[in-house]
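Results of the structural survey
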Amino acid sequence: LRTGVYLAHERSLGLWGPASPTGAAPEEQLTIFLHVTRCNGILLLRHQGQLGTVCTDAWGFPEAAVVCRELGCGAPLGAPREVPGPEIMAQPWLHGLTCQGNESSIQECALGAWGPQPCPHDWVPAVMCRGGLEVAIKLVGGRSPCAGIPGLEHSNQTLTSCDPQSVEAGTVLCKELGCGSMLQAPGPPPETEGPRKGQQFVIWRVLMSPLRREGWCELSVPTGHTEARLVGGEHSCAGRLEVRRGLTWGTVCDADLDLATAHVVCRELQCGAAVSTPKGAHFGQGSGLVWTEAFRCAGNESLLFHCPRGLGHQCGHGQDAGLRCSEFRLVNGSSACEGRVELQVQGSWAPLCAAHWDLADATVLCHQLNCGNAVATPPGGHFGGGAAAIWPDQVHCAGTEPYLWRCPVSTLGAPACGPGDAAAAVCSGLPDALRLRDGQSRCDGRVEVALDGVWGRVLDEAWDLRGAAVVCRQLGCGAAERAYEAAAPARGAAPLGLSRVRCAGSEPRLTRCSVSAAPLVSAGASRDAGVVCSGSLQVRLAAGPGRCAGRVELLHAGEWGTVCDDGWDLRDAQVVCRQLGCGRALGAPGAAHFGAGAGRIWMDELACEGHEAALWRCPSRGWGRHDCGHKEDAGVLCSESVALRLRGGAGPCAGWLDVFHNGTWGAVCSHALKDASLSIICQQLDCGEQGWLENRPVHTSLGTSWVDNIQCRRLRSSMLWQCPSAPWHPHSCPHEEEVWITCAGRPCRLLQDSREALNCSSMGSCPEEGELRLRGGADHCSGRVELWRSGSWGTVCDDSWDLADAEVVCRQLGCGRAVDALAGAAFGPGSGPVWLDEVLCWGSEASLWGCPAEPWGRGDCTHKEDAGVRCAGEWSAGGSPRCHHAPPVPAGVWLQPTVERFPLPILRVVLLGQYQWLRGPRTGGLPHLPSPGGLCDSLFVIAKVDGRGVA
């Protein structure tokens, strides 16, 4: 190893290392480089003119110490294992490296063999040296400066580090921080934790296990560790206030919780701002200590830890303080109950985009802020646009949700919000306000009234349409359609607001009617007033993969019902898609494509033109008039219907990331994808809490890349659809920027029948969701088709089962071409569920889950109809199964197959659903459809066979 001046021409490649001295022969050199900075990065060695990485299983602090010492970079701070990014083109060159840690150079260590052989693992050694860095030690991830995971801070960036390996080391660290002694030691890292992958070197992350438990340090009051939590509430941002000091939790007297302190608690918990501070153990009585020391916060502190303290009240648990917070607020209005809508994300407030913002959304927000009912939604920017960038979230509430974050949100791919186009709301305020509970919309349900800041029931044994008319008018819900006796609240005693309400029907508010008040009434009372207003009419799509695809259902007279498929076509579907803010209609399937509904069938023979504002504005036979059964329920697929999958991996938790949009699957681009986004994606796919990017060779692209620049935020119930990104575009990035993700995966389970672990994937030793196998045949490449789902093996029904389906199964199992597709339980009847029915593969799909089929478990078959296959090939190498997994297609999602070739010498029939939804104009004729993959000049729906159109 040579030392000296750093090579300038290597720095342009991000490589740092010593230059060889003059006269040294190239074949004698062994030169060390780091990528990307002088004292931290991936280790690269140049030997005999060849630059490469190191492949070793023995990488640790001793080896890192030698590298840091040789480079003159001081003591080692970490010895991470990193999967190199695309900028590292070097191949494994040195195989085997072991140091004692006291060597002066790597050349004195035990070196293995040199050569370009492959390495059995993806990661390579890297180092982080102190190297003149200005580094400060701190605790991160805790609720105070004296709690958390030990970390290093450099240039305002915090690097999480390994926990202290002993109580003694932890105590030294705590004392160095001025935090007393260690009270709680960290747990050991999980043995299965692998290297962090795909991270770039700005400053190196030394976190070897993000799943470690925190270590706690103790300080004497008033500067000791302090944190808050809310317990017993309806969500994590509401409940009884409990404060931890050191390791001891205690409650707070309600007289000691003022609004300023409440705001600090909400801020610390990342719950926005305080809405209310219920008193008198509203969320139940706590146990243990009641702190007699009160916090005297100014209101602008980031943590309760920083608030001054003073003598507080003495009370029992009957006076435990409660707190409700909200991540949403209204600002720039005349009161806290009107203004511009803002949400708090990652500690900052920003306006919400006005796109799709309506009274149903505002109703939920007004209730959440304890501001009564929604009165109006002024146009975007009515209360100013605010200084911060507008968040593009589009909220889709029904009006019955208790909190705004319970509403569906569509943010991914949304266009940028116009300048100043911030959502606005005007709420009634709490005095004399009304709300409807336990209904199906914001305009139907059991009536409650706010008196003296408390919501109470409205009881009346003679409740009629005149009282209902007042309620509907006050709520802006149109005319009263029905007054009924509602069921009492489900839990406990509820306060009474009004009783014996006598209205003329013209009063502006319910409290203006002739009323009386009474004491508490038990929850068993059944005289609650209920109303159904004309504004309760709603449409939804049920039993699909999301809010933009599914069975059409209408809310009428307070009851959900379906729509018959007689006369149902794309123009009818277009009205539904527009009404729901779901883009344009792509399909209008009938014949209960998304499963049969229940209850009423509200409409039949609809004849929309496509421009109507609501489905009930279209001509029809009238409400409830039909000659249909639920097997004829109509469905809709809109362009904004979305789904997610990983494709092409050895298991369901690794592969190319695809998103379903506008009726087709397309790739996701890698630009800007960070840990938060990867975590959300993996959790949404039920594939663990962590994921990483991997570099994969060029693959067969889908031809579409839908979305780029995904930047997820840590929200309460995050899904990928809630993540901001660039707008949808079919060519969002070049082919080489499409992203492969590997998720941490799920824990292993035992097989249901054999109770033995199946050795089938590189990531685990167990059946994964959607795994495929053949049983009952002469060998492993013939038999009854079985799938693993929801903890159970199940079969496939033989309805529509043919060689194209069998071809996919044989290819997926690595068993060659399909020889036969057998029906009628040819290999014997199976057991458990019948998972799939009406499987309709083209024959070119990579897996059985890429084929259209009935929703999982919704077939009409028994095991005497189990499907089987016989393949031409043998089972793959070594007598062990080659298990291939693909994520199940969400129920009701239609796939547009990419047909590269027809592998079978047969004509494949394409089933497109009931013929009406693809028919041409009402004047007659059939539409011209694009040919899939150039197989034929055109496709026409030409017949109806067994309720399906045949192309």
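Taking an unreviewed UniProt entry as the reference, the protein chain is identified by name as Scavenger receptor family member expressed on T cells 1 belonging to Moschus moschiferus. In its Subcellular location (unreviewed entry) section, UniProt records this for the protein chain: "Membrane".

Another aspect to go through is the overall build of the protein chain. Summing up its helical and strand segments, the protein chain has 9 helices and 56 strands in all. Looking at the 951 residues of the protein chain, the share that counts as buried comes to 54%.

Note on terminology: disulfide describes a covalent bond linking the sulfur atoms of two cysteines. Counted according to the given criterion, the structure contains 26 disulfides. At a sulfur-sulfur separation of 1.9 Å, the disulfide partner of Cys 68 is Cys 129. Taking the torsion about the sulfur-sulfur bond, which here is approximately -85 degrees, the covalent link between Cys 68 and Cys 129 counts as left-handed. Separated by 61 residues along the polypeptide, Cys 68 in helix H2 (residues 61-70) and Cys 129 in strand E8 (residues 124-129) bring together distant segments of the chain. A residue is classified by how much of its surface remains accessible, and Cys 68, at 0% relative accessible area, is buried. For Cys 366, the disulfide goes to Cys 427, at an S-S distance of 2.0 Å. Disulfide Cys 366 to Cys 427: torsion about the S-S bond roughly -80 degrees, handedness left-handed. On the criterion of sequence distance, the pair formed by Cys 366 in helix H5 (residues 359-368) and Cys 427 in strand E29 (residues 424-427) is long-range, its members being 61 residues apart. By relative accessible area, which is 0% here, Cys 366 ends up buried. Exposure remark for Cys 427: the relative accessible area of 9% places this residue in the buried category.

Let us now look at the pairing of strand E24 (residues 338-345). Of all 8 residues making up E24, 8 are buried, and the element is well covered by its neighbours. Judged from the 5 bridges that link them, strand E23 (residues 328-332) and E24 form a sheet pairing that is antiparallel. Bridge pairing in E24 links Leu 330 to Val 341. Across 3 bridges, E24 lies against E29 in antiparallel orientation. If you follow Arg 340 over to E29, its bridge partner there is Ala 424. By the bridge criterion, 4 bridges tie E24 to strand E25 (residues 348-351) in an arrangement that is antiparallel. Looking at the pairing, Glu 342 lines up with Pro 351 of E25. In textbook terms, the turn of a hairpin is the stretch between consecutive antiparallel strands, and for E24 and E25 this stretch comprises 2 residues, one of which, Gln 346, has a positive phi near 55 degrees.

Cut-off values and rules
- Residues numbered from 1 in each chain as written.
- Predicted model: local features only at pLDDT ≥ 70, side-chain atom pairs only at ≥ 80, totals over all residues.
- Heavy atoms only, no water.
- UniProt positions renumbered as here; feature names shortened; annotations may be inferred.
- Helix = DSSP H or I, 4+ residues; strand = E, 2+ residues; numbered from the N terminus.
- Buried < 20%, exposed > 50% of the residue type's maximum accessible area, 1.4 Å probe, protein only.
- Disulfide = S-S within 2.5 Å.
- Pairing = 2+ DSSP bridges.

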